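Coordinate inspection notes
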Protein chains: 2
Amino acid sequence: MRIVAATKILKANDQIAAENRALLASAGVCCVNVIGSPGSGKTTLIEALLKHFAGRIRAAVIEGDIAGSIDAERIEALGIPAVQINTAGACHLDAAMIAAALRELDLSGLQLLLIENVGNLVCPASFDLGERLRTAVLSVSEGDDKAVKYPAVFQSAHALCITKADLLPYTNFSLPRITADLHRLNPQARCFQLAALRGEGVAAVAEWLIECLSAGRAGADASSEK
Amino acid sequence: MRIVAATKILKANDQIAAENRALLASAGVCCVNVIGSPGSGKTTLIEALLKHFAGRIRAAVIEGDIAGSIDAERIEALGIPAVQINTAGACHLDAAMIAAALRELDLSGLQLLLIENVGNLVCPASFDLGERLRTAVLSVSEGDDKAVKYPAVFQSAHALCITKADLLPYTNFSLPRITADLHRLNPQARCFQLAALRGEGVAAVAEWLIECLSAGRAGADASSEK
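Scoring rules and cut-offs
Residue numbers here run from 1 along each chain, matching the order of that chain's written sequence. Lettering for chains starts from A, numbering for ligands starts from 1, and both go in the order in which the items are written. Local features in a predicted model are, by the rule used here, given only for residues with pLDDT of at least 70; side-chain atom pairs are given and counted only at 80 or more, and totals for whole chains, interfaces and linings are based on all residues. Here the side-chain values reflect all heavy atoms present in the structure, with hydrogen atoms and water set aside. Where helices and strands are cited, they refer to DSSP runs of H or I of at least four residues and of E of at least two residues respectively, numbered from the N terminus. The reference for a compact globule is 2.2 Å times residues^0.38; the radius of gyration itself is calculated from the C-alpha atoms. Only protein chains enter the accessibility calculation, which uses a 1.4 Å probe; a residue whose area is less than 20% of its type maximum is buried, one above 50% is exposed, and one in between is partly exposed. Accessible surface area values rest on a Shrake-Rupley calculation with a 1.4 Å probe, where residue burial reflects the displayed protein chains alone. Only four residue types enter the tally: Lys and Arg on the positive side, Asp and Glu on the negative side; His and the chain ends are excluded. Charged side chains are reduced to one point each, which is NZ for Lys, CZ for Arg, CG for Asp and CD for Glu. Contacts are assigned to residue pairs that have any heavy atoms within 4.5 Å of one another. Whenever Lys or Arg places a side-chain nitrogen within 4 Å of a carboxyl oxygen from Asp or Glu, that contact is recorded as a salt bridge. In protein, a polar contact means a hydrogen-donor-capable atom and an acceptor-capable atom, both N or O and within 3.5 Å, with residues adjacent in sequence counting only if both atoms are side-chain atoms; elsewhere, any N or O pair within 3.5 Å suffices. Here, nonpolar core refers to any group of buried Ala, Val, Leu, Ile, Met, Phe, Trp, Tyr and Cys residues whose side-chain atoms link them within 4.5 Å. To superpose the copies, least squares is applied to the C-alpha atoms of every residue with a pLDDT of at least 70 in both. Only the six-membered ring of Trp is used, alongside the rings of Phe and Tyr, when aromatic pairs are assigned; centres must lie within 6.5 Å, and planes under 30 degrees apart are stacked while those over 60 apart are edge-to-face, with the rest tilted. pLDDT is a per-residue confidence score from the predictor, ranging from 0 to 100.

Concerning the overall build of chain A
In terms of regular secondary structure, chain A is built from eight helices and seven strands. In summary, chain A has a C-alpha radius of gyration of 17 Å against a globular reference of 17 Å for 226 residues, a match within 12%. With the principal axes as the frame, chain A shows a C-alpha extent of 50 × 45 × 40 Å. Considering chain A as a whole, with its 226 residues, one finds that 55% of them fall into the buried category. Accessible surface, chain A: about 9,200 Å² in total, of which carbon and sulfur atoms supply 55%. For chain A, the distance from the average position of its 21 positive side-chain charges to the average position of its 24 negative side-chain charges is 5 Å.

This is how it looks when you write it as structure tokens:
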């Protein structure tokens, strides 16, 4: 019975996600769903990208949290439009929440929409939001066994951002192991290594996103759409 | 509709959890539900406690993971009985999974049962497994804002284990902030600070568990049961 209910919810979600995707495509907005554990460094990565793009790419952010607006306040402090979704206990964003948030945003002239999902390496993987790209975020302090233990996020991501690389000397995290596990699950995935608070590695992620923006405009992104 | 379904699931879960709790109480087993993000250090904490208890406390472990048996293998390498639950995609353990795992364990003579939940700081908080104690695990690399952002786990835990304290010099984690946030949500919660790989702080958690075991035997644990 529980499985039936979950299937119905996911089917309804997929319909709304398709509507979100069509709306964003018609507005020329590239939407990125950022998924990772609590404390993996999602907000810090988004902040670093926004600073990198300042004056060049018109961006907005949707922040998903169980409670509070700490993250949206951090984004607005950078002068970037931000919508905070409070999920009232739900452990993931869903497409209906994003549809509601999109009504609060001025999409005209927007190029990039970053969605920071609820901190959770499991459930967000099952919910298509209508994004064009999905990025997994994993900090080196979480350990290098996470792709094996939580495969769904890694399977469905277009890129993995390995964060807090400045902590590598103090952990037993193996970059070869996580890279091998990622590419076994998902051979096409890009893999980036960052220490975002120090600005290290941010430019490479930003360049990849700019490539994707350009590809999207040329209509070359059909393969990544459902 | 989705909320109704969730309520029904949680009611059914609570009935099975009550049966698990009664079974464990009659067998004299103190059961601890260990909840934290992926990579927060749950398995390392459990390993350190088992080594500390070796020859003194008869313990067993139930390991919950989406996939794989990495963690149960780590526990069995210590000579401790371990049951691996694979949740087949579910992001949390539930009481029915624990009921099935309990049938695989010899409870006679057992004193302590540690359950390592799926790595997730959100959903496991909603599912009573029939445990007597609940411990939240948070690593300093996850950030000191997590009690505010994910309150349910911190509200329902009897103790918070702050792990990877050896990384404190390399992070901006504030122990006063997390302690204040924890006690605002949950004034009774114990708070421990550990660097479990170095063995630091493990004895204090172990002593607290031994106190709880003794209190349980004296029937003084009624207040922590539902």
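What to know about the interface of chain B and chain A
On the chain A side, the residues contacting the 30 residues of chain B number 30 residues. The interface formed by chain B and chain A includes four salt bridges. For the interface between chain B and chain A, the tally reads seven residue pairs in polar contact (both at pLDDT 80 or more). Those elements that provide at least two residues to the side of chain B that touches chain A are helix 1 (2-26), helix 3 (70-76) and helix 5 (146-149) of chain B.

Brief notes about the pattern of salt bridges
Residue and element names in this part refer to chain B. Scanning the entire structure with this criterion turns up 22 salt bridges over all chains. Arg 184 is the salt-bridge partner of Asp 181, the closest N and O atoms lying 3.1 Å from each other. One end of the pair, Asp 181, and the other, Arg 184, are both in helix 7 (residues 175-185), three residues apart, so they sit about a helical turn from each other. When its relative accessible area of 10% is taken as the criterion, Asp 181 is described as buried.

What about the nonpolar core?
Formed by 48 residues in total, the largest nonpolar core has its most connected members in Phe154(A), Leu160(A), Phe154(B) and Leu160(B). Every element with two or more residues in this core is listed here: strand 5 (133-139), helix 6 (151-156), strand 6 (159-163) and helix 7 (175-185) of chain A together with strand 5 (133-139), helix 6 (151-156), strand 6 (159-163) and helix 7 of chain B. If we ignore the near neighbours within four places in the chain, the residues touching Leu160(B) are Ala136(B), Val137(B), Leu138(B), Phe154(B), Ile178(B), Leu182(B), Arg190(B), Cys191(B) and Phe192(B).

Describing the relation of the copies chain B and chain A
Expressed as a screw transformation, the operator carrying chain B onto chain A has a rotation angle of 180 degrees and an axial translation of 0.0 Å, and the superposed copies differ by an RMSD of 0.0 Å. The superposition of one copy onto the other is thereby described by a two-fold rotation axis. Same-surface contact between copies: 100% of interface residues of chain B are shared with the interface of chain A.

Focus: helix 4 (residues 95-102) of chain B
Residues and elements named next belong to chain B. Of all eight residues that make up helix 4, six are buried, and the element is covered over most of its length. All buried positions along helix 4 are accounted for by Ala 95, Met 97, Ile 98, Ala 99, Ala 101 and Leu 102. Structurally, the start of helix 4 carries an N-cap: the backbone nitrogen of Ala 96 is 3.2 Å from a side-chain oxygen of Asp 94.

A look at the packing of aromatic side chains
Residue and element names in this part refer to chain A. This structure, assessed with the given rule, holds three aromatic pairs over all chains. When the ring of Phe 192 is compared with that of Trp 208, the centres are 5.8 Å apart and the planes differ by 50 degrees; the resulting orientation is tilted. You can see Phe 192 sitting in strand 7 (residues 190-193) and its partner Trp 208 sitting in helix 8 (residues 202-217), a full 16 residues away along the chain. Like Trp 208, Phe 192 is buried.

Observations concerning unusual backbone geometry
Positioned with a positive phi, Lys164(A) is a non-glycine residue whose angle comes to about 60 degrees. Within the element layout of this structure, Lys164(A) appears in the loop between strand 6 and helix 7.

Considering the confidence of the model for chain A
Residues and elements named next belong to chain A. Across chain A, the average pLDDT comes to 90, with 91% of residues at 70 or higher. Low pLDDT (under 50) marks residues 1-6, which in the prediction has two contacts with non-local residues, meaning those over four places away or in another chain. Predicted confidence is poor over residues 219-226, with pLDDT under 50, and the contacts of this stretch with residues over four places away or in other chains come to 10 contacts. Among the prediction metrics, the complex's ipTM stands at 0.74, with pTM recorded as 0.83.

Points about the side chain of Lys164(B)
Although Lys164(B) lies buried, it forms no salt bridge, and the closest oppositely charged side chain, Glu142(B), sits 6.9 Å away as judged by the N-O distance. Beyond its immediate chain neighbours, meaning those up to four positions away, Lys164(B) contacts Ser141(A), Glu142(A), Gly39(B), Ser40(B), Gly41(B), Ser139(B), Val140(B), Ser141(B) and Leu194(B).

Concerning the side chain of Ser40(B)
All names here are of chain B. Counting through the fold element by element, Ser 40 comes out in the loop between strand 1 (30-36) and helix 2 (42-53). Side-chain polar atoms of Ser 40 contact the backbone oxygen of Ser 37, separated by 2.8 Å. Once residues within four sequence positions are removed from consideration, Ser 40 is found in contact with Val 137, Ser 139, Glu 142, Thr 163 and Lys 164.

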